[in-house]
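# Geometric and topological summary
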Amino acid sequence: MRFLLIFGVAFGGLLSACAQQQAGSLHPYDYTIEKNITAAKGAVVSAHPLASEAGVLVLRQGGNAVDAAIATQLALAVVYPGAGNIGGGGFLVAHLKNGRNIAIDYRETAPAKASRDMYLDSAGNAITKLSLDGHLAAGIPGTVAGLFASMKYAKLPFSKLIAPAILLAEKGFVITAKEAESLNHTREEFVKLNTVPTAFVKEVPWKAGDTLVQPDLAHTLKLIRDKGQAGFYEGETADNIVSEMQRGGGIITLADLKNYKAVERKAIAFQYKGQTIVTMPLPSSGGVCLQQMMMMVENYPVAKWGFQSPQALQLMIEAERRAYADRAEFLGDPDFVKVPVARLIDPSYIRSRMSTFTPGTAGNSDSTKAGLTKESEQTTHLSVIDADGNAVAVTTTLNGHYGSRTVAGKAGFLLNNEMDDFSVKPGVPNMYGLVGTEANAIAPGKRMLSSMTPTIVLKNNKPIYSLGTPGGATIITSVFQTLMNTLEFGLSPEDAVNKPKFHHQWLPDVVYVEPGFPEEGVQALEQMGYKIEKRGPIGRTELIKKDLKTGQLQAAADKRGDDGAAGY
Ligand code: DON
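All residue numbers refer to positions counted from 1 along the written sequence of the respective chain. Given that this is a predicted model, residues contribute local features only at a pLDDT of at least 70 and side-chain atom pairs are listed and counted only at 80 or more, while totals for whole chains, interfaces and linings are drawn from all residues. By convention in this description, side-chain values take in all heavy atoms of the structure and omit both hydrogens and water.

Before going further, it helps to spend a moment on the confidence of the model for the protein chain. The pLDDT averaged across the protein chain works out to 94; a share of 95% of its residues lies at or above 70. What pLDDT expresses is the predictor's confidence in each residue, scored from 0 to 100. Contacts between residues were defined by any pair of non-hydrogen atoms, one from each residue, lying within 4.5 Å. Long-range and interchain partners of residues 1-23, a stretch whose pLDDT sits below 50, account for 38 contacts in this model, where long-range means more than four residues apart.

On to the nonpolar core, then. In this text, buried Ala, Val, Leu, Ile, Met, Phe, Trp, Tyr and Cys residues form a nonpolar core when linked through side-chain atoms within 4.5 Å. Only protein chains enter the accessibility calculation, which uses a 1.4 Å probe; a residue whose area is less than 20% of its type maximum is buried, one above 50% is exposed, and one in between is partly exposed. Counting residues in each nonpolar core, the largest one holds 86 residues, and the members touching the most others are Ile277, Leu290, Met294, Leu331, Leu483 and Met484. The element best represented in this core is helix α14 (residues 310-330), accounting for 11 residues. Shared between two domains, this core takes at least three residues from each, and those domains are domain 1 (2-264 + 379-422) and domain 2 (270-377 + 452-544). Beyond its immediate stretch of four places on either side in the chain, Met294 contacts Phe270, Tyr272, Ile277, Phe480, Leu483, Met484 and Leu487. Judged by nonpolar contacts, the second largest core, of 84 residues, contains Leu50, Tyr106, Ala154 and Ile175. Per the convention used, a helix needs a DSSP run of H or I reaching at least four residues, while a strand needs a run of E reaching at least two, with both numbered from the N terminus. Domain delimitation in this document rests on an assignment produced automatically or drawn from a domain database.

Right, let's get into the sheet that holds strand β4 (residues 43-46). Two strands in a sheet stick together by hydrogen bonds in their backbones, pointing the same way (parallel) or opposite ways (antiparallel). A strand pair is defined by DSSP finding two or more bridges across the two strands. Reading across the sheet, the seven strands line up as β9-β6-β5-β13-β12-β4-β21 and stay open at both edges, with antiparallel pairing between neighbours. Looking along the sheet, the strands with just one partner apiece sit at the ends: β9 (263-265) and β21 (564-567). On average, adjacent strands in this sheet sit at an angle of 15° to one another, irrespective of strand direction. Pairing between strand β6 (residues 101-106) and β9: three bridges, direction antiparallel. Axis definition: a line fit to C-alpha positions, over the contact stretch in the case of helices; interaxial angles, taken between N-to-C directions, run 0 to 180 degrees.

This paragraph deals with empty space enclosed by the protein. Any residue with an atom within 4 Å of a point lines the site, the site being either a cavity, points on a 1 Å grid over the protein atoms alone where a 1.4 Å probe fits but cannot get out, or a pocket, an open set with protein on both sides within 12 Å along at least 5 of 7 lines. Grid points are joined across faces, edges and corners, and a volume is the space filled by probe spheres set on the points. Its boundaries defined by the atoms lining it, the largest cavity holds a volume of some 120 Å³. In terms of lining, the largest cavity is formed by 17 residues, of which the most central are Asp421, Phe422, Ser423, Leu434 and Asn440. In terms of residue class, the lining of the largest cavity is made up of nine nonpolar, five polar and three charged. Lining the lining of the largest cavity are residues from two domains, each supplying at least three of them: domain 1 (2-264 + 379-422) and domain 2 (270-377 + 452-544). When its volume is computed, the second largest cavity comes out at roughly 90 Å³. Along its surface, the second largest cavity is lined by 15 residues, and Asn399, Asp421, Tyr432, Ser451 and Gly472 are the ones closest to its centre. Note on residue classes: Ala, Val, Leu, Ile, Met, Phe, Trp, Tyr, Cys and Pro are nonpolar, Asp, Glu, Lys and Arg are charged, and everything else, Gly too, is polar. Here the residues of the lining of the second largest cavity sort into five nonpolar, seven polar and three charged.

Attention now goes to helix α16 (residues 347-354). Three or more residues of α16 are buried, namely Tyr349, Ile350, Arg353 and Met354. Along the axis of α16, the buried residues cluster in a sector spanning 130°; they form a single face. Buried residues in α16 make contact with α12 (286-297), α14 and α15 (341-344). Picture the helix axis, draw a direction to every C-beta atom, and the arc is the one those directions span.

For Glu318, the position within the fold is in helix α14. Ignoring any residue separated from it by four or fewer positions in sequence, one finds Glu318 in contact with Phe357, Ala362, Gly363 and Tyr530.

Time to look at the pairing of strand β10 (residues 268-272). Successive side chains on a regular strand alternate, one facing one side of the sheet and the next facing the other. Because side chains alternate across β10, one face comprises the buried residues Ile268, Phe270 and Tyr272, and the other comprises Ala269 and Gln271, none of which is buried. Judged from the five bridges that link them, β10 and strand β11 (residues 275-279) form a sheet pairing that is antiparallel. Bridge pairing in β11 links Ala269 to Val278. Here β10 hands over to β11 after two residues, with Lys273 in that stretch at a positive phi of 45°.

Okay, structure coming up:
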């Protein structure tokens, strides 16, 4: 499918010659959204077509999948301000052509001045607004440290990877109808939650075809280009962040920024019927929960039951319920709490977990609590596969749409509101309705539990899928279902991504279904005793499939947004 997005932008021609000369194949004033493409060498799929093109540009220049992932993330920080970021954090999972799996954790951390009860009033009630809106909601950004940690695996100089982002920020790019609507929708909050004027607010409402120029952000990106990580965590940018905190009652200090470190972790890798699933470990709950869910369904004839059959739906819902119950109880930052990961994925534990599964009858979350006894919308995903067989999956986030909606003063970028991913009080749901306990309580320097699940599937130690999605609590269930759609139900990449999804997260004890979910499925589940709630679209999944015989790549960008695929 090819959508003509932009037509006749008045001054597009004026800048485009110079802009496009520098940007190679980037067309910031006149671009199209490609949803499903095939490519012979390399492919990138992300939340914005210009960001995907930036990745392909770098591949064409001789970069590998890691180079492309870095360039795409930086471009997303400009063209997709709702979630692309340098003021947030993320996770990168990769399978390198030398056979190694890597996982880089650049999740935000709680500031040194953060404390367990910082979002409670004097009566002990949660004031969730504080963990969501403005300065106090922001964790220490991890993205820039993550990009430099990723450089270890890249081929090209950083200056080349950041060039498209600088150009897009400096010269601007044309926004889509969805972006215009989203900026207009958030206008009041931008005004309320900022202490300096931002690029995101203008006198008259935004409309499709307007050009968004971000000179302050371009300046910050140049500091990062010239000074490396210190261009963000020290000097002018750090000063900008800290003075913004001082103006707006935030607590991030210069020491917090200087002390931030991205961490390389051991990627989770587990077998599923002849394939290896490589995914993100803690502090994302995604990998552990995904492994639990796939282990729970593995011994049932799901492929025979069929896609969206009542039996398959029910089994997957019950697996989701059980994994999320364990998530709430046990999962948190492994550098701060002891998490019984080995026991949670032990086959005998998984079997005992499923012993209460009754085909045809809804389970319930009162009786299905966390299984072990205790020992003493905004995020974005991108996938890349290159010609050499390197595969990268990155999910990165500001948490809510445009994060805290607060820009770091003259530094021109939005700060996250990731602090809300902590459990601000046991049992009090966060913005995604997720509950938690001690394991995910706030502590200085601790990483808040995430659901982001960047995932790669290997066959014979070669990547055949790279995938992931945003969507808060629904991320893990969407990745789970997309994997089942491909590995069990044999759906095409396009269908695996776009067919309606469902979601159960233990509490509330409800099955959410998105628009277009078949009525027969709803009725069958209701007859079994499930409570169904219809909700808005679930996730924005990006997926690349590689055919190991022909080498052909198929990239599918989610139809739910402006997401675009590119390749060569
Ligand atoms: O890390 C997490 O799990 C959340 N901060 C993700 C937020 C998200 O996906 C919002 N997107 N729609």
